[in-house]
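# Results of the structural survey
This is what each chain is made of:
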Amino acid sequence: MMKVNLTQRIWLSFIALIVLVGLSMIIVYPISIKGTLTDETYRIIEQEQARMANPFSDYFDPPESDLDFVERREAERSVGHLFLFDESIRGEPVPPDAVLKEMVSEAVGQNAERERYELTYNDATLFYVITRVESDGDEAFQISYMWDTYRDLMVNRLWERLIYLLLITSALSLLPAFWLKRYLRQPLQVLGNHFEQISKRNWKEPFRWEGDDDFQKLSDQFESMRQNLIRYDRSQKTFIQHASHELKTPIMVVKTYAQSVKDGILPKDNIEQTMDVILNEANRMDKRVKDMLYFTKLDALKIETINAEVMMFGSIAFQIEERFRMQRDDVTFIIEGADVKIIADQEHMRVLLENLVENAMRYTKDKIWLSAEQHKDSIDIKVSNNGDAIPEEDLPYLFVPFRKGNKGQFGLGLAIVSRIAELHQGHHEVRNTNNGVEFVISLPRGAK
């Protein structure tokens, strides 16, 4: 397939438009004009016939211009008139015998007062009109005729004017082609330069085009893309920085303790306590790496990839209670709405509740509530605790990756909760209550 640039496309479009107009005129013109000019020929014959019979009749309209006068004179010279009586024919010029014979035959058989006819003679067409008249009390016929020479003359004149008009229109159409090329090329060049800069990871320069609504909309979309790239780049850098910081400390502890053991020095009282520190730090690193990998996996998932299924809220809530109950004997779990059905990915929902409960375990005094409430269009999953209230200035940032509270661990738990809610077309909310803090995850009842 031939590749063309924008300028070539514009020129090809205008040329194709001119060619289509020309072809349409060439094809449609002969078909439509033939009938029109034939009717005009008959009208001229009838007009000249009426003028000859009575120059002052209403059928004859006076010429409106000099050109009209000249054309009528030409038409008058092109029309012949014959009068057919019982035994004679008068008038001139007299047509050939074969033509005259057919005219007489049509006149004798005519019943109407006036009729139109045509015949072909030697590859030429003759148009004639026969009108019944009275002469000295006897019936006679007036035959007025015109060869197609006058019609062909009018066709040639119209063709000449049409060709001139087409040439002038084609020449004038070049002006908007030049203007359109310039009009489209400038903003596209500017936009192309900005795209080139973005390909080089240079997206600091904003793009704004004012004037045309369509180009302005395009510039707004480009600017929105640029802002998203800036945020994505910033989040990537932040993710790498925080990941490095989170792993740096436990790695340093593990290396230090391992080197001390190798050198025969025990940082703790005995080898068992020393190895426990190494294992704990290794477990912390393992948890952080898993959280980061899971968060990255969620960020790459799409809504269409969610394996949604119907499940009872209690089937997950009681498992979570069983897992976390042994961590703090002083904490009481209260589960409500266990029979509420939710439609979600079971693995994602388990991780969501685990992270919310793990977060609540660090702040609660002695109670944690897990509940599900069914509404008309949504299902609210709530995890509450009776710990201290969260400072109001921290509430908007709790679900931001690597944003940790005063007892936070890795800063990814609530960010994972937020992403899971988004993948299930839901939303999250956190609020301080009279008894403590409440996290709410709202999922649509028909989420798939």
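Remember, it's a predicted structure, so these values are computed and weren't measured experimentally.

### Describing the packing of aromatic side chains
Under the criterion given, the structure shown has four aromatic pairs. Measuring from centroid to centroid gives 5.3 Å for Y117 and Y128, while their planes differ by 20°, and the two rings are stacked. Placement of Y117 in strand β3 (residues 114-121) and of Y128 in strand β4 (residues 124-135) is noted, with a sequence separation of 11 residues between them. Centroid distance F399 to F439: 6.2 Å. Interplanar angle 75°. Geometry classified as edge-to-face. Placement of the pair is F399 in the loop between β10 (378-385) and α9 (413-423) and F439 in strand β12 (residues 437-444), with a sequence separation of 40 residues. Here F399 and F439 have matching classes, each one buried.

### Description of the pattern of salt bridges
Applying the stated criterion across every chain, the model contains 11 salt bridges. Note that R132 is salt-bridged to E139, the shortest N-O span being 2.4 Å. The exposure class assigned to R132 is partly exposed, which follows from its relative accessible area of 23%. Classification of E139 by relative accessible area gives partly exposed; the value is 44%. Between D330 and R328 there is a salt bridge, with the nearest N and O atoms lying 2.9 Å from each other.

### Topic: the packing of helix α7 (residues 313-324) against helix α8 (residues 346-363)
The N-to-C vectors of α7 and α8 enclose an angle of 40°; their axes lie 10 Å apart at closest approach. The angle between α7 and α8 places the two elements in the oblique class. α7 and α8 meet at a crossing whose hand is right-handed. The residues of α8 that touch α7, namely those facing F313, I316, I320, R323 and F324, are Q346, M349, R350, L353, E354, V357, E358 and M361.

### Some words on the pairing of strand β1 (residues 79-84)
In terms of residue burial, β1 counts as a mostly covered element, since five of its six residues are buried. Here six bridges tie β1 to strand β5 (residues 138-147), and the two strands are oriented antiparallel to one another. Opposite H81, over in β5, you have S144 as the bridge partner. Bridging between β1 and strand β2 (residues 89-92) involves four bridges; their strand directions are antiparallel. Counterpart to L82 in the pairing with β2 is G91.

### Re the packing of α8 against α9
One way to put it is that α8 packs onto α9 with a least axis distance of 9 Å and a crossing angle of 145°. In the packing of α8 onto α9, the handedness of the crossing is left-handed. Contacts from H348, V351, L352, N355, L356 and N359 in α8 reach G413, L414, I416, V417, I420 and A421 in α9. Residues belonging to the contact of α8 with α9 are distributed by class as follows: eight nonpolar, four polar and no charged.

### Description of the environment of H427
Relative to the assigned elements, H427 resides in strand β11 (residues 427-432). If near-sequence neighbours (up to four positions away) are discounted, H427 is found in contact with A421, V440, I441 and S442.

### Digging into the side chain of S442
Here S442 shows up in strand β12. On the basis of relative accessible area, S442 is assigned to the buried category, the value being 9%. Apart from the residues lying within four places of it in its own chain, the contact partners of S442 are I379, D380, G426 and H427.

### Let's talk about unusual backbone geometry
Here the phi dihedral of N122 falls at roughly 50°; this positive angle occurs in a residue that is not glycine. Here N122 lies in the loop between β3 and β4. One non-glycine residue, D123, adopts positive backbone phi at about 65°. For D123, the location among the structural elements is in the loop between β3 and β4.

### Points about the nonpolar core
Judged by nonpolar contacts, the single largest core of 49 residues is most densely connected at L370 and F439. Among the elements that take part in this core, α8 stands out by supplying eight residues, more than any other. The contact partners of F439, leaving out residues within four places of it in the chain, are L356, N359, I381, K382, V383, I390, L398, F399, L414, E429 and V430. One finds L82, V99, A107 and L119 within the second-largest nonpolar core, a separate group that totals 14 residues.

What counts, and at which threshold
- Residues numbered from 1 in each chain as written.
- Predicted model: local features only at pLDDT ≥ 70, side-chain atom pairs only at ≥ 80, totals over all residues.
- Heavy atoms only, no water.
- Phe/Tyr/Trp six-rings, centres within 6.5 Å; stacked < 30°, edge-to-face > 60°.
- Helix = DSSP H or I, 4+ residues; strand = E, 2+ residues; numbered from the N terminus.
- Buried < 20%, exposed > 50% of the residue type's maximum accessible area, 1.4 Å probe, protein only.
- Salt bridge = Lys/Arg side-chain N within 4 Å of Asp/Glu carboxyl O.
- Axes fitted to C-alpha atoms, helices over the stretch in contact; angles between N-to-C directions.
- Parallel < 35°, antiparallel > 145°, perpendicular 65-115°, else oblique.
- Left-handed = near helix turned anticlockwise from the far one by under 90°.
- Contact = heavy atoms within 4.5 Å.
- Pairing = 2+ DSSP bridges.
- Nonpolar A, V, L, I, M, F, W, Y, C, P; charged D, E, K, R; others polar.
- Core = buried A, V, L, I, M, F, W, Y, C linked by side-chain atoms within 4.5 Å.

Nothing here speaks to function; it is geometry throughout.
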